[in-house]
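Analysis of the macromolecular model
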Amino acid sequence: MSQTDRDYGFQGYIEPKYQWLYIGAAGWSTRLPTRPTGEFDFYGGIRPVFGNLSFDFGATYYYYGKETQLFFQGAPITPRETSYVEPYAKVAYNFDDKGSLGLAVYHAPNYLNSGAFGTYLSGTWSIALPNDFSFSGEIARYFFGRVDPFLGGITLPEYTYWNLGLTYTVQSAWKFDVRYHQTDLNQAQCQTLTTDPRGLVSGRSRWCGAAIVGTISFDTNWSSLKWPL
């Protein structure tokens, strides 16, 4: 489900941590119905590790800055503000650098400040390949509750999401990823979930569904940096 109107986007993050404890902040460029300046995530939790088994328990606050409520034919179709909190729990098993399997659950009691809950259940896997390549994927199901009466009081459509992709890692820092994403949402269900401004008249949105996304990322830690840069 695109947050950038199926166009390019930028993101960055910083994550201080101490042993199992961590906090972090991330910023994402967006093109969303309420026209925020971007998505800003503030998160924290603990990541216990026991041999090949690792856990992650925490919560994220999704903040969308300087939003403008969207109306259609005089009626509001988005909240005034869509910022919300989402706790999560994850577990992963690593097969000695040969790959991994993971499970995760995310639960937002007030998804996008709409009054509806949102629960995301996810399974992930990765396989290490020769020459610094890896192959990975995810399959997930998103469940939703009923939005507030002023937004129509409807139950948001649940859906299945999955992705498959190939990643090439350079010196443990640069990553080049090409990934196929898909959902089982039709365009009408997509419009209900996203309130895509382009679909207000037709009742259909193209923001959900098949997409091939290429990502270039740089990810390192303080001890690996060589000063001066």
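Up top is the structure these notes are about.
The following paragraphs examine the structure supplied in this document. Note that the coordinates shown come from a computational prediction; the quantities given were computed from them, not determined experimentally.

**A word on the nonpolar core**
Counting 26 residues, the largest nonpolar core has Tyr111, Phe144, Leu156 and Tyr159 as its most contacted members. At the level of elements, strand 6 (53-64), strand 9 (84-94), strand 10 (99-108), strand 12 (133-144), strand 13 (159-170) and helix 1 (187-194) are the ones that each hand at least two residues to this core.

**Overview of the pattern of salt bridges**
Within the structure shown, the criterion is met by 7 salt bridges. Where arginine 206 meets aspartate 5, a salt bridge forms, and the shortest distance between an N and an O atom there is 3.8 Å. With arginine 206 in the loop between helix 1 and strand 15 (211-218) and aspartate 5 in the segment before strand 1 (11-14), the pair connects residues that are 201 residues apart, well separated along the chain. Judged by its relative accessible area of 15%, aspartate 5 is buried. Between arginine 141 and glutamate 158 there is a salt bridge; the shortest N-O distance is 2.8 Å.

**A short note on the packing of aromatic side chains**
The final tally for this structure, using the stated rule, is 22 aromatic pairs. Between the aromatic rings of tyrosine 93 and phenylalanine 95, the centroid separation amounts to 4.9 Å while the plane-to-plane angle is 70°, which identifies the pairing as edge-to-face. Of the aromatic side chains, those joined through ring pairs into one cluster are Tyr62, Tyr84, Tyr88, Tyr106, Tyr111, Tyr120, Tyr142, Phe144 and Tyr159. Lying over the aromatic face of tyrosine 8, arginine 31 brings its terminal NZ or CZ to 5.1 Å of the ring centre. Lying over the aromatic face of tyrosine 22, arginine 47 brings its terminal NZ or CZ to 3.6 Å of the ring centre.

**Focus on the pairing of strand 6**
Of the two faces of strand 6, the one holding Ser54, Asp56, Gly58, Thr60, Tyr62 and Tyr64 is buried and the one holding Leu53, Phe55, Phe57, Ala59, Tyr61 and Tyr63 is not buried anywhere. Sheet topology note: the strand 4 (residues 39-46)/strand 6 ladder contains 8 bridges and is antiparallel. Counterpart to glutamate 39 in the pairing with strand 6 is tyrosine 64. Where strand 5 (residues 49-50) lies against strand 6, 2 bridges are found, and the strand directions are antiparallel. Residue pairing for strand 6: valine 49 is matched across the bridge by serine 54.

Analysis parameters
- Residues numbered from 1 in each chain as written.
- Predicted model: local features only at pLDDT ≥ 70, side-chain atom pairs only at ≥ 80, totals over all residues.
- Heavy atoms only, no water.
- Core = buried A, V, L, I, M, F, W, Y, C linked by side-chain atoms within 4.5 Å.
- Buried < 20%, exposed > 50% of the residue type's maximum accessible area, 1.4 Å probe, protein only.
- Helix = DSSP H or I, 4+ residues; strand = E, 2+ residues; numbered from the N terminus.
- Salt bridge = Lys/Arg side-chain N within 4 Å of Asp/Glu carboxyl O.
- Phe/Tyr/Trp six-rings, centres within 6.5 Å; stacked < 30°, edge-to-face > 60°.
- Lys NZ or Arg CZ within 6 Å of the ring centre and 35° of its normal.
- Pairing = 2+ DSSP bridges.

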